[in-house]
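Structure assessment
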Amino acid sequence: MSFARFSATSDVYVYQPVSDPTGIECCGCHLAMIDGGGSTCPVLHGVEEVARHMWLHEQASDLVPAGLLDRVERHYAGDEDAGFGDGRPSAST
Ligand SMILES: [Zn+2]
């Protein structure tokens, strides 16, 4: 399940990694040396960590989709349809 994909309106690719279902991975992240612990796919845990990390992206002039944090919040609240399932067209938000 993904919450944002690289597109014209998104500079981040954010999804739930199979290897760590409680985490949210920011894959292809260029903030690796600032906020990724050296990893280009840092795994974040919880809404606040994701929000803080996305704030850093915004400070770096990256596009973060407006609905991303809402989707992540719903995901952690137990909404299994919060993100984009594989093969489903992405929502416009
Ligand atoms: Zn990132």
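Residues numbered from 1 in each chain as written. Predicted model: local features only at pLDDT ≥ 70, side-chain atom pairs only at ≥ 80, totals over all residues.

This part covers the nonpolar core. Residues Phe-3, Ala-4, Val-12, Val-14, Ile-24, Cys-26, Cys-29, Leu-44, Val-50, Met-54, Leu-68 and Val-72 constitute the largest nonpolar core, which totals 12 residues. Secondary-structure elements contributing two or more residues to this core are strand E1 (2-4), strand E3 (24-27), helix H2 (47-59) and helix H3 (68-76). Residues within four places of Val-14 in sequence aside, it is in contact with Ser-2, Phe-3, Ala-4, Ile-24, Cys-26 and Leu-68. (Core = buried A, V, L, I, M, F, W, Y, C linked by C-beta atoms within 7 Å. Buried ≥ 20, exposed ≤ 12 C-beta atoms within 10 Å, placed from the backbone. Helix = DSSP H or I, 4+ residues; strand = E, 2+ residues; numbered from the N terminus. Contact = placed C-beta atoms within 7 Å.)

As a further point, take the sheet that holds strand E4 (residues 43-44). Taken together, 4 strands build an open sheet; the order of strands is E1-E2-E3-E4 and the sheet is antiparallel. Looking at the sheet topology across the chains shown, the edges are occupied by E1 and E4. As judged from the 2 bridges shared by E1 and strand E2 (residues 13-15), these two strands associate in the antiparallel manner. What sits directly across from Ala-4, in E2, is Val-14. (Pairing = 2+ DSSP bridges.)

This part takes up the environment of Leu-31. Within the fold, Leu-31 resides in the loop between E3 and helix H1 (32-35). The exposure class assigned to Leu-31 is partly exposed, which follows from the 17 C-beta atoms found within 10 Å. Spatially, the C-alpha atom of Leu-31 lies 19 Å from that of Ala-8, the residues being 23 residues apart in sequence. Beyond its immediate sequence surroundings of up to four residues, Leu-31 is in contact with Gly-36, Leu-56, His-57 and Ala-60.

We now examine the pairing of E3. Two strands pair when backbone bridges link them, and E2 and E3 are joined in this way by 3 bridges, in the antiparallel orientation. Each bridged residue has a counterpart across the sheet, and for Tyr-15 the counterpart in E3 is Glu-25. With 2 bridges connecting them, E3 and E4 associate as antiparallel partners. What sits directly across from Ile-24, in E4, is Leu-44.

The next subject is unusual backbone geometry. One non-glycine residue, Ser-61, lies in positive phi territory at about 65°. Within the secondary structure, Ser-61 is located in the loop between H2 and H3. Residue classification places Ser-61 among the exposed positions, given that 7 C-beta atoms sit within 10 Å.

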